[in-house]
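Results of the structural survey
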Amino acid sequence: MIDNSFSHSWTAETLKSAPLIAPARHFTYPRQIAGEEDALERGALQLLVRPADGGTFLATCALGFTDPTMPTGVFSCPNLDELCAVAGGYAYILDTLHPERSTHIPLKPVVHIHPLPQHQLLLFVGFHTILAWGAHGEAWHTGKLSWEGVRITGVEADTLHGTGWNLLTDQERPFTVDLLTGHHLGGGWKT
């Protein structure tokens, strides 16, 4: 699946297996991260990426989780040269012009990706928080919104609406997030 919500300068093709003739450039994500030494053993999303400049490269993105409910796909980003690859709930932002530069989104897992082109934001929803990626990198990251499970219910103007679960009351509690700043009100984290 490739989401083209934002304008982008690259093309990408999802591969079912490694190509017989691989391009000269091959990048593996995540880069060397402590605790992720065995990430590729879980499987990987492989992409053939054709950037606007610099030649085609193979991107191998390790799966975060093998659970089929975890998202996997390719998303355009607010920065037209960036590509977001999501593999089993792990999200990677790749600079297609300089693929040695990448950012591993810290939510593990990302359970939902929500493009907001009108705000130039790509939202990553985790179990507890939401992280927004803009044209210049991370725009904001909310505080905890839920004990377990964040759900976006809508967007009105510059306000995101959602619910978060409260452990103590076993209820969904509404919250709002200012899409310009990431400040939130409500949610299920507090009693």
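Higher on the page you've got the structure.
The structure reproduced in this document is the subject of the present report. As the structure is a prediction and not an experimental result, all values here were calculated from the model. For every chain, the first residue of its written sequence is number 1, and the numbers climb from 1 along that sequence. Two thresholds apply to this predicted model, a pLDDT of at least 70 for residue-level local features and 80 or more for giving and counting side-chain atom pairs, whereas whole-chain, interface and lining totals are computed over all residues. To get the side-chain values, all heavy atoms of the structure are used, and hydrogens and water are removed first.

1. Here we look at the sheet that holds strand β10 (residues 112-116)
- At least two bridges found by DSSP between two strands are what make those strands a pair. Strands here are runs of E lasting at least two residues and helices are runs of H or I lasting at least four, both read from the DSSP assignment and numbered beginning at the N terminus. The antiparallel open sheet is built from four strands, whose spatial order is β10-β11-β12-β13. Looking at which strands have only one partner, the edges of the open sheet turn out to be β10 and β13 (137-141). With strand direction ignored, the average angle separating the axes of adjacent strands in the sheet is 25°.
- Note: strand β12 (residues 130-134) against β13, four bridges, orientation antiparallel. What sits directly across from G134, in β13, is G137. To obtain each axis, a line is fitted to C-alpha atoms, and for helices this fit is confined to the stretch in contact; angles are then taken between N-to-C directions over 0 to 180 degrees.

2. Looking at the sheet that holds strand β8 (residues 90-95)
- The five strands lie next to each other as β1-β6-β7-β8-β9, forming an open sheet whose pairing is mixed. What marks the edges here is a single partner per strand, and that holds for β1 (2-3) and β9 (102-104).

3. Some words on the packing of aromatic side chains
- Any Phe, Tyr or Trp ring, taking Trp's six-membered ring, that has another such ring centre within 6.5 Å forms a pair; planes under 30 degrees apart are called stacked, those over 60 apart edge-to-face, and the others tilted. For the structure on display, the rule yields four aromatic pairs.
- Here the aromatic rings of F65 and Y90 are separated by 5.9 Å at their centres, their planes lie at 90°, and the arrangement is edge-to-face. One end of the pair, F65, is in the loop between β5 (57-62) and β6 (73-76); the other, Y90, is in strand β8, and 25 residues separate them in sequence.
- Exposure classes here rest on a 1.4 Å probe applied to the protein chains alone. A residue is buried below 20% of its type maximum, exposed above 50%, and partly exposed in between. The exposure class assigned to Y90 is buried, which follows from its relative accessible area of 5%.

4. Quick look at the environment of T96
- Summarising the element assignment, T96 is placed in the loop between β8 and β9.
- Taking the relative accessible area as the measure of exposure, T96 reaches 0% and is therefore buried.
- For the pair T96 and A59, spaced 37 residues apart in sequence, the C-alpha separation works out to 10.0 Å.
- Pairs of N or O atoms within 3.5 Å make up the polar contacts considered here, provided that, within protein, one atom can donate a hydrogen while the other can accept it, and that residues adjacent in sequence are counted only when both atoms are side-chain atoms. Looking at T96, its side chain comes within polar contact range of the main-chain oxygen of D81, at 2.6 Å.

5. Remarks on the environment of V86
- Assignment of secondary structure puts V86 in strand β7 (residues 82-87).
- Judged by relative accessible area, V86 falls into the buried class, the value being 0%.
- Sequence separation between V86 and L180 is 94 residues, and the spatial gap between their C-alpha atoms is 24 Å.
- We call two residues in contact when some of their heavy atoms are within 4.5 Å. Sequence-distant contacts of V86, that is, excluding residues within four places in its chain, are made with L45, P71, T72, G73, F75, A91 and I113.

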